[in-house]
Amino acid sequence: METDGFVRRRRMTAETTGNDPGVAGASAGAEVRWLGGRFWGVSESIVGSLTPRIGGETEIQTVDLIRSAQDAQSEDSEPDYEGLPQGASTSTHMLAGAVAGIMEHCLMFPIDCVKTRMQSLQPDPAAHYRNVMDALRRIVATEGMWRPLRGLNATAIGAGPAHALYFASYEKLKKTLSDVIHPGANSHLANGTAGCVATLLHDAVMNPAEVVKQRMQMYNSPYRGVLDCVRAVWQKEGPTAFYRSYTTQLTMNVPFQALHFMTYEYLQELLNPHRQYNPSSHMLSGALAGAIAAAATTPLDVCKTLLNTQESLALGSMSSGKGAHRHISGLAHAFRTVYRLGGLRGFFKGVQARVIYQMPSTAISWSVYEFFKYGLTKHQYNKRRTQQMEAEM
């Protein structure tokens, strides 16, 4: 049951002769531990043996087809970390995506709390913040150390299944559409389209969790906990309140994710053209893609936050001769409200916090996703090889 065949460098024409697997493996191991190696229980010795040089998906499928006739060569071939048997591929993407989503949202949750507050159109005088660090310091000093984490459990519950569907559907559609649009090569149109469809599934699961999370993040939130918030919203505003911002969320996230995925795939072509397992390229590509997409879609995020929180001071300031608005509903109503209360600058409230949140968030998401996808593929490869060897004995 040899496993070193999995981590041995493939003899590829694209490989350069100057690669040092030990140095590369140590670098990858350091990043893996930073991203949560403890979560998986990977030991130093195993991590040190992982090389970031893994071949392409097309090549592993070819290797799998001829392995039975070329057993000697197969021992020196490495499978692509995406190249699992077709039946296991979707489950691998879902599991890796779920872990990546939970870790991304949990690690960046305090910054997300600040972003929500800084997007408030009519903040309480005690909730005026100069920047992200000032906001974090004041929230902890005046409201307690755990206040920036209120609503974290709702986000974790929603992020797992949402990101499982998100990554699995993206991977499947990306491959299917690329084969149709540009066979044998990467297609930016396919990447963008797959990202848009994946967003529909992601947001359908995540939107209720977003509503609960953002209401608990607001200053002087009246809710004792997640269940109390769910009950109060259901009783006072009805079940539709959990999807009041869904169309706005899609209006924001569809262009966000299309831009995000196209930028990520484009940067991967530049930084990692052979699509090998390379944590540093995944992190850098993810961070830049997230920053660009976040800055471009901030106005829609401000409107989404207003629809989710139904900010009481904003509703009060919109009063007319017939009394205050009971609810802000719909994207058009949210746009008018933001413009009336904050002008053009109002659409970019919290842009700094949003970019600061998205850069490490997408970097973490892609790095953890690619790492777990690699690890799960390694496990299945070893299992398959063991079964083959037992059958031959």
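Residues numbered from 1 in each chain as written. Predicted model: local features only at pLDDT ≥ 70, side-chain atom pairs only at ≥ 80, totals over all residues. Heavy atoms only, no water.

Enquirer: Please set out the overall build of the protein residue by residue, giving values where relevant.
Expert: A count of helices and strands for the protein gives 17 helices and 0 strands. Looking at the protein as a whole, 53% of its 393 residues qualify as buried. The long-range fraction of contacts in the protein, counting pairs at least 24 apart against all pairs at least 6 apart in sequence, stands at 79%. In the form shown here, the protein has an accessible surface area of approximately 18000 Å², with 62% of it arising from carbon and sulfur atoms. (Helix = DSSP H or I, 4+ residues; strand = E, 2+ residues; numbered from the N terminus. Buried < 20%, exposed > 50% of the residue type's maximum accessible area, 1.4 Å probe, protein only. Contact = heavy atoms within 4.5 Å. Areas by Shrake-Rupley, 256 points an atom, 1.4 Å probe, with all protein chains shown as cover.)

Enquirer: So what about a nonpolar patch on the surface? Which residues, and what values?
Expert: A cluster of nonpolar side chains, contributed by Tyr 266, Leu 270, Leu 271, Leu 284, Leu 288 and Met 359, occupies part of the molecular surface with about 530 Å² of accessible area. Those elements that place two or more of their residues in the nonpolar patch are helix 12 (246-271) and helix 13 (279-296). A per-element tally of the nonpolar patch places helix 12 first, with 3 residues. Among the secondary structure elements, Met 359 is positioned in helix 17 (residues 351-392). (Patch = residues over 30% accessible without salt bridge, like charges linked within 9 Å, V, L, I, M, F, W, Y side chains within 5 Å. Salt bridge = Lys/Arg side-chain N within 4 Å of Asp/Glu carboxyl O.)

Enquirer: Any chance you could break down the packing of helix 9 (residues 152-181) against helix 10 (residues 188-217) for me, citing the residues and the numbers?
Expert: Remark: helix 9 packs on helix 10, axes separated minimally by 7 Å, with the N-to-C direction vectors making an angle of 170°. It follows from the interaxial angle that helix 9 and helix 10 lie roughly antiparallel. (Axes fitted to C-alpha atoms, helices over the stretch in contact; angles between N-to-C directions. Parallel < 35°, antiparallel > 145°, perpendicular 65-115°, else oblique.)

Enquirer: Give me the lowdown on helix 8 (residues 132-143), citing residues and values where you can.
Expert: In a regular helix each residue adds 1.5 Å, so 12 residues correspond to 16 Å; helix 8 covers 16 Å between its end C-alpha atoms and thus fits that length. Taken together, the buried positions of helix 8 are Val 132, Asp 134, Ala 135, Leu 136 and Ile 139. Packed against the buried residues of helix 8 are helix 7 (109-118) and helix 17. Near the N-terminus of helix 8, the side chain that reaches the backbone nitrogen of Met 133, with its oxygen 3.3 Å away, is that of Asn 131. Gly 144 lies just past helix 8 and shows a positive phi near 105°. (Expected span 1.5 Å × (residues − 1). Polar contact = N/O pair within 3.5 Å; in protein donor to acceptor, adjacent residues only side chain to side chain.)

Enquirer: So what about the nonpolar core? Which residues, and what values?
Expert: Core analysis: the biggest nonpolar cluster contains 33 residues, and Val 114, Trp 366 and Val 368 have the highest contact counts within it. When residues of this core are traced back to their parent elements, those giving at least two are helix 6 (86-107), helix 7, helix 8, helix 9, helix 10, helix 12 and helix 17. Per element, the largest residue contribution to this core is 9 residues, and it comes from helix 17. In contact with Val 114, other than residues within four places in its own chain, are Val 132, Ala 135, Leu 136 and Ile 139. Core analysis: the next-biggest nonpolar cluster, separate from the first, contains 11 residues, Ala 154, Val 211, Met 216 and Ala 241 among them. (Core = buried A, V, L, I, M, F, W, Y, C linked by side-chain atoms within 4.5 Å.)

Enquirer: Can you tell me about the packing of helix 10 against helix 14 (residues 298-309), naming the residues and giving the values?
Expert: For any two helices packed against each other, the geometry is given by the interaxial angle and the distance between the axes. It is the contact of helix 10 with helix 14, at a shortest axis distance of 9 Å, that shows an interaxial angle of 85°. Put simply, helix 10 runs roughly perpendicular to helix 14. When helix 10 is examined against helix 14, the residues Glu 210, Val 211, Gln 214 and Arg 215 are found in contact with a partner set consisting of Lys 304, Thr 305, Asn 308 and Thr 309.

Enquirer: Kindly report on the packing of aromatic side chains, identifying the contributing residues and their values.
Expert: Applying the stated rule across the entire model yields 13 aromatic pairs. Measuring from ring centre to ring centre gives 5.5 Å for Phe 167 and Trp 366, while their planes differ by 85°; the resulting arrangement is edge-to-face. A residue pair is termed long-range when its members are at least 10 positions apart, and Phe 167 in helix 9 and Trp 366 in helix 17 qualify at 199 residues. In this structure, Phe 167 and Trp 366 share a single accessibility class: buried. On the basis of an interplanar angle of 80° and a centroid distance of 5.7 Å, the ring pair of Tyr 243 and Tyr 246 is categorised as edge-to-face. A residue is classified by how much of its surface remains accessible, and Tyr 243, at 39% relative accessible area, is partly exposed. (Phe/Tyr/Trp six-rings, centres within 6.5 Å; stacked < 30°, edge-to-face > 60°.)

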